[in-house]
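Results of the structural survey
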Amino acid sequence: MEYTSPGAEDLPGFFADLVRCETRLYNALNDRLRERHGIVTSQYEGLRYLRDHPGARVADLAAEFAIGVGATSKSVDRLERRGLAVRQPNPADRRSSLLALTADGARLVDSAERTVADGLAELVGGALDGPSLTAAVAAAARLRAALERAGAGTPTG
């Protein structure tokens, strides 16, 4: 049975489509990243954020990914154990640490980025033509910005 997308006015169907697309893309990238680089999608995303935001704190990562600080700290612990990231003292706040990639972490995220880009080009680019992809990217960015401005879905702990 072939799936057909609901009408534009069907917001529950739209939500279902968003969630199922995210899950399938996430899982497909997870498989590729695990096989080729020994990491999973959440680790790639964390490493990429640390590369692009030097001196970030655990709280910054948690806010970016809308997950709890405790879960984020455990994720950073795993990156540290693998020698991909380090915590450094925060001179402005003794209660927090600044996060940095190690040389191995930087190399890994750079090579994993190609795997992710190729996977997304295949999975998304194969399904949407240029104008549709441009519109989808713009719509997702507008929706995310509105949700973040409203503080929607921000974890409480």
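Computed from a prediction, not measured in an experiment: that's the story for all the values here. (Residues numbered from 1 in each chain as written. Predicted model: local features only at pLDDT ≥ 70, side-chain atom pairs only at ≥ 80, totals over all residues. Heavy atoms only, no water.)

**Observations regarding the packing of aromatic side chains**
Here is the rule: Centres within 6.5 Å make a pair out of two Phe, Tyr or Trp rings, where for Trp the six-membered ring is used; the pair is then stacked when the planes are under 30 degrees apart, edge-to-face when over 60, and tilted otherwise. Secondary structure elements are taken from DSSP: a helix is a run of H or I of four residues or more, a strand is a run of E of two residues or more, and numbering for both begins at the N terminus. Relative accessible area decides the class of each residue, using a 1.4 Å probe on protein chains only: under 20% of the type maximum gives buried, over 50% gives exposed, and in between gives partly exposed.
The tally for this structure, following the rule as stated, stands at 1 aromatic pair. Relative to phenylalanine 65, the ring of tyrosine 49 has its centre 6.0 Å away and its plane inclined at 70°; by these criteria the two rings are edge-to-face. Taken together, the positions of tyrosine 49 in helix 2 (residues 41-52) and phenylalanine 65 in helix 3 (residues 58-65) put the pair 16 residues apart, joining distant regions of the chain. Taking relative accessible area as the criterion, tyrosine 49 reaches 12% and is therefore assigned buried.

**Quick word on helix 3**
Where we set the bar: Note: the arc covers the axis-to-C-beta directions of the helix. By the convention used here, residues are in contact when the closest approach between their heavy atoms is within 4.5 Å.
Within helix 3, the full set of buried residues consists of Val58, Leu61 and Ala62. Taken around the axis of helix 3, the buried residues stretch over an arc of 100°, which confines them to a single face. Looking at the buried positions of helix 3, the neighbouring elements they touch are helix 2, helix 4 (69-81), strand 1 (85-89) and strand 2 (97-101). Where helix 3 terminates, the next one or two residues include alanine 66, which has phi positive at roughly 55°.

**Digging into the side chain of asparagine 90**
Applied cut-off: Any N or O atom pair separated by 3.5 Å or less is treated as a polar contact, with the protein-specific requirement of one donor-capable and one acceptor-capable atom, and with residues adjacent in sequence counted only for side-chain atom pairs.
Within the element layout of this structure, asparagine 90 appears in the loop between strand 1 and strand 2. A polar contact is formed between the side chain of asparagine 90 and the side chain of serine 96, at a distance of 2.8 Å. Non-local contacts of asparagine 90, meaning those with residues more than four positions away in its chain, are made with Arg57, Ser96, Ser97 and Leu98.

**Considering the packing of helix 2 against helix 5 (residues 103-123)**
Test applied: Think of each axis as a best-fit line through the C-alpha atoms, taken over the contacting stretch in the case of a helix, with angles from 0 to 180 degrees between the N-to-C directions. Reported orientations rely on four angle classes, namely roughly parallel under 35 degrees, roughly antiparallel over 145, roughly perpendicular from 65 to 115, and oblique for the rest. Crossing chirality is assigned from the near helix's rotation relative to the far helix, an anticlockwise turn below a right angle marking it left-handed and a clockwise turn marking it right-handed. Basically, the charged four are Asp, Glu, Lys and Arg, the nonpolar ten are Ala, Val, Leu, Ile, Met, Phe, Trp, Tyr, Cys and Pro, and anything else, Gly included, counts as polar.
The N-to-C vectors of helix 2 and helix 5 enclose an angle of 120°; their axes lie 10 Å apart at closest approach. Classed by the angle they form, the pair helix 2 and helix 5 counts as oblique. Where helix 2 crosses over helix 5, the two elements pack in a sense that is left-handed. Here Tyr44, Leu47, Arg48 and Arg51 of helix 2 come into contact with helix 5, specifically with Leu108, Val109, Asp110, Ala112, Glu113 and Val116. Residue composition of the contact of helix 2 with helix 5, by class: 6 nonpolar, no polar and 4 charged.

**Comments concerning the pattern of salt bridges**
As a reminder of what qualifies: Whenever a carboxyl oxygen of Asp or Glu lies within 4 Å of a side-chain nitrogen of Lys or Arg, that contact is scored as a salt bridge.
Scanning the model with the defined rule gives 14 salt bridges in all. Each of the salt bridges in this network shares a partner with another, and the network as a whole consists of Arg51, Asp52, Asp110 and Glu113.

**Looking at a nonpolar patch on the surface**
For the record, the criterion: Put simply, a patch holds well-exposed residues, over 30% relative accessible area, that have no salt bridge, with like charges counted together within 9 Å and Val, Leu, Ile, Met, Phe, Trp or Tyr side chains within 5 Å. Throughout, the Shrake-Rupley method with a 1.4 Å probe supplies accessible areas, and for residues the shown protein chains are the sole cover considered.
A cluster of nonpolar side chains, contributed by Leu11, Phe14, Phe15, Leu18, Val19, Leu143 and Leu147, occupies part of the molecular surface with about 630 Å² of accessible area. A per-element tally of the nonpolar patch places helix 1 (residues 11-37) first, with 5 residues. In this structure, leucine 18 sits in helix 1. You can call leucine 18 partly exposed: its relative accessible area is 41%.

**Description of the nonpolar core**
The nonpolar side chains of a soluble globular protein tend to be buried with one another. The following threshold applies: Take the buried Ala, Val, Leu, Ile, Met, Phe, Trp, Tyr and Cys residues and link them wherever side-chain atoms come within 4.5 Å; each set so joined is a nonpolar core.
In this structure, Ile39, Tyr44, Leu47 and Leu50 are the most contacted members of the largest nonpolar core, which totals 20 residues. Secondary structure elements with two or more residues in this core: helix 1, helix 2, helix 3, helix 4, strand 2 and helix 5. If we skip the residues at most four places from it in the chain, isoleucine 39 touches Asn30, Leu33, Arg34, Tyr44, Leu47, Arg82, Leu84, Leu108 and Ala112.

**Thoughts on the confidence of the model for the protein**
In low-pLDDT regions, the fine details of the predicted coordinates are not to be read closely. To be explicit about the condition: Within a predicted model, pLDDT stands for the predictor's per-residue confidence, ranging from 0 to 100.
Residues at a pLDDT of 70 or more form 94% of the protein, whose mean pLDDT is 93. For the protein, per-element mean pLDDT is lowest for helix 3, which scores 94, and highest for helix 2, which scores 98.

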